[in-house]
Amino acid sequence: MSPLMAVILTIAAIESKGASGKPVVSFSPNWATILTYESITLTCDVGSPAQRDQRFTWYRNHRSLNINEQSYTVKYAEQEHIGDYQCRAGTGDISEAVRLEVSGAHVILQAPPMVFEGDTLSLRCHSYDKYPASETKFYKDHKEIKSLGTASEFLMGKVNAEMSGLYKCSRRIMYHSSLHNYSDQVDISMQELFSSPQIKVRPDQVTEGDHMTITCDTKLNPRRATTELQFAFYRNGHNVQGFSLSNQYGVPSVQLEDSGNYICEVQTPTGSVRKRSTGVQMQLYGAARIYWIIIGLSLLSILLIGAALTYKYRHSLALPLLCNCLRHQKQGSDSSTALVRLPNEEMGGPEAENLRASEEFPEYGNLPLRAAATEEEDVCYSHINSGQLHRVFSSATYRPEDCSVIYCVVKPTEPWENTSAQVSVC
């Protein structure tokens, strides 16, 4: 798919989504609270021009009103007009509720019914015109932030989420020939316009020559579903696709130089709200490199399996040699001679220590370490250190029928043992 076609399909998807999205109720003037007998106009905003020709339905507190126009004006607001307002275009979705308050107080703090990050916010400390007012002051979280004298409106400029809080205003009102202090307060929460973007890459594993698509995924607040968003993409800090309506960046045939850290950025058309995603590291591999990676992983698996089997059967594989009886034919004789072969004296460790049993026990010095048997008998010597064996297995090279006499030396392995070494004939 060509990049131009991808952009066209993305724009079509955005327009289709706007056509079927929820409408939004807006106020003019844009105040959530008005004084008794003041007027206000409510409008059912839709995303598609085609929806404007449809029949509209209005609701207050979930009850249908006898109004079928896109705009609805309350000329003289009273207590009966207080409530949650919703609208519907044709048979489409019903909008989110927006609340209107009507107050008869001397002073009210007016703010928009919905405030989103990036909006230009104005607050008004409002009172009836027939009562002169002075010393207008604004507060945030009980701290004074602005003093206006006789003016009533405070322009705060573009806002962000950190500006949420409890706002209050106060005025001195001339009422019945005397000055009185009146105040009002409202809790204002700056809502998120759209969520922080996230990068999604398809396919999950990208190899050289593949078609790679990177999507910048975000979600608009349902109350601002008609807001237009723009998307841009970066690799290793360098822009690879400028701001456009497409939330996708595609590479038709990926090369190794396309590897890197990718991020995306989302903004409103005016740039009042701009957010960046976290980076996603894309490491692309050539086909030959992937082949060797598979070979390496296979060899590693074989080694791990071998290590597991070795550990499981370690006692069997570590069985010591108890006795080797080697037969030698004497020249010119039919009889055999058994020659005992014990480990060399030079070797260290427990084996060499065990072989010096005859030296430590002189009373058994008449037992030679190496002896040649007579023609009438075969002799095997074996010295067993019981402290080195967990289990006893039969020797694979020793068979009792090969030797007619077996000399056994039993030696205590612990210094505290008082057992005397014994020599027995088996």
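Residues numbered from 1 in each chain as written. Predicted model: local features only at pLDDT ≥ 70, side-chain atom pairs only at ≥ 80, totals over all residues. Heavy atoms only, no water.

Chemist: I'm lost on the overall build of the protein chain in this one. Help?
Modeler: Helix and strand counts for the protein chain come out as five helices and 30 strands. Relative to its 426 residues, the protein chain shows a buried fraction of 35%. Total accessible area computed for the protein chain in this model is approximately 25800 Å², and 52% of it derives from carbon and sulfur atoms. (Helix = DSSP H or I, 4+ residues; strand = E, 2+ residues; numbered from the N terminus. Buried < 20%, exposed > 50% of the residue type's maximum accessible area, 1.4 Å probe, protein only. Areas by Shrake-Rupley, 256 points an atom, 1.4 Å probe, with all protein chains shown as cover.)

Chemist: Explain the pattern of salt bridges here, please?
Modeler: Side chains carrying opposite charge are able to pair once their charged atoms draw close together. A full pass over the atoms with the stated rule returns 13 salt bridges. Among the salt bridges present, the one from D84 reaches R99, with a minimum N-O distance of 3.3 Å. Of the two residues, D84 sits in strand β7 (residues 83-89) while R99 sits in strand β8 (residues 98-103), which places them 15 residues apart along the sequence. Residue class for D84 comes out partly exposed when judged on its relative accessible area of 27%. For the salt bridge of K275 with E117, the shortest nitrogen-to-oxygen distance reads 2.8 Å. One end of the pair, K275, is in strand β24 (residues 274-276); the other, E117, is in the loop between β10 (115-116) and β11 (120-127), with 158 residues separating them in the sequence. We classify K275 as buried; its relative accessible area is 13%. (Salt bridge = Lys/Arg side-chain N within 4 Å of Asp/Glu carboxyl O.)

Chemist: Would you explain the state of the cysteines in this entry?
Modeler: Inspection of the entire model under this criterion finds three disulfides. Between C216 and C264 runs a disulfide, and the two sulfur atoms are separated by 2.1 Å. Handedness here is read from the sign of the S-S torsion; for C216 and C264, about 65 degrees, the answer is right-handed. In this pair, C216 sits in strand β19 (residues 212-217) while C264 sits in strand β23 (residues 260-267), placing the two residues 48 residues apart along the sequence. The same class applies to C216 as to C264, namely buried. (Disulfide = S-S within 2.5 Å.)

Chemist: Honestly, the nonpolar core in this entry has me stumped. Any pointers?
Modeler: One recurring pattern in soluble globular proteins is that nonpolar side chains are buried together. Counting 44 residues, the largest nonpolar core has L42, W58, Y72, M212 and I214 as its most contacted members. When residues no more than four places from it in sequence are discounted, the contact partners of M212 are V201, R202, P203, V206, Y249, G250, V251, V254, Y262 and M282. Formed by 17 residues, the second largest nonpolar core is a distinct cluster that contains C125, A133, M156 and V159. (Core = buried A, V, L, I, M, F, W, Y, C linked by side-chain atoms within 4.5 Å. Contact = heavy atoms within 4.5 Å.)

Chemist: So what exactly am I meant to see when it comes to the sheet that holds strand β4 (residues 56-60) here?
Modeler: Adjacent strands of a sheet form backbone hydrogen bonds with each other and so pair up, either parallel or antiparallel. With mixed pairing, the five strands of this open sheet are ordered in space as β2-β8-β7-β4-β5. For this open sheet the edge positions go to β2 (33-35) and β5 (63-65), each flanked by a neighbour on one side alone. Pairs of neighbouring strands in the sheet enclose a mean axial angle of 35 degrees, with direction left out of account. By the bridge criterion, three bridges tie β4 to β5 in an arrangement that is antiparallel. (Pairing = 2+ DSSP bridges. Axes fitted to C-alpha atoms, helices over the stretch in contact; angles between N-to-C directions.)

Chemist: Can you walk me through the sheet that holds strand β6 (residues 71-74) in this structure?
Modeler: Here three strands make up an open sheet; going across it, the order is β1-β3-β6 and the pairing antiparallel. Where the open sheet ends on each side, the last strands, each with one partner, are β1 (24-28) and β6. Each strand of the sheet is rotated relative to its neighbour by a mean of 20 degrees, with strand direction disregarded. Of the pairings in the sheet, the one linking strand β3 (residues 40-45) to β6 comprises four bridges and is antiparallel in character. Bridging across to β6, T43 finds its partner in S71.

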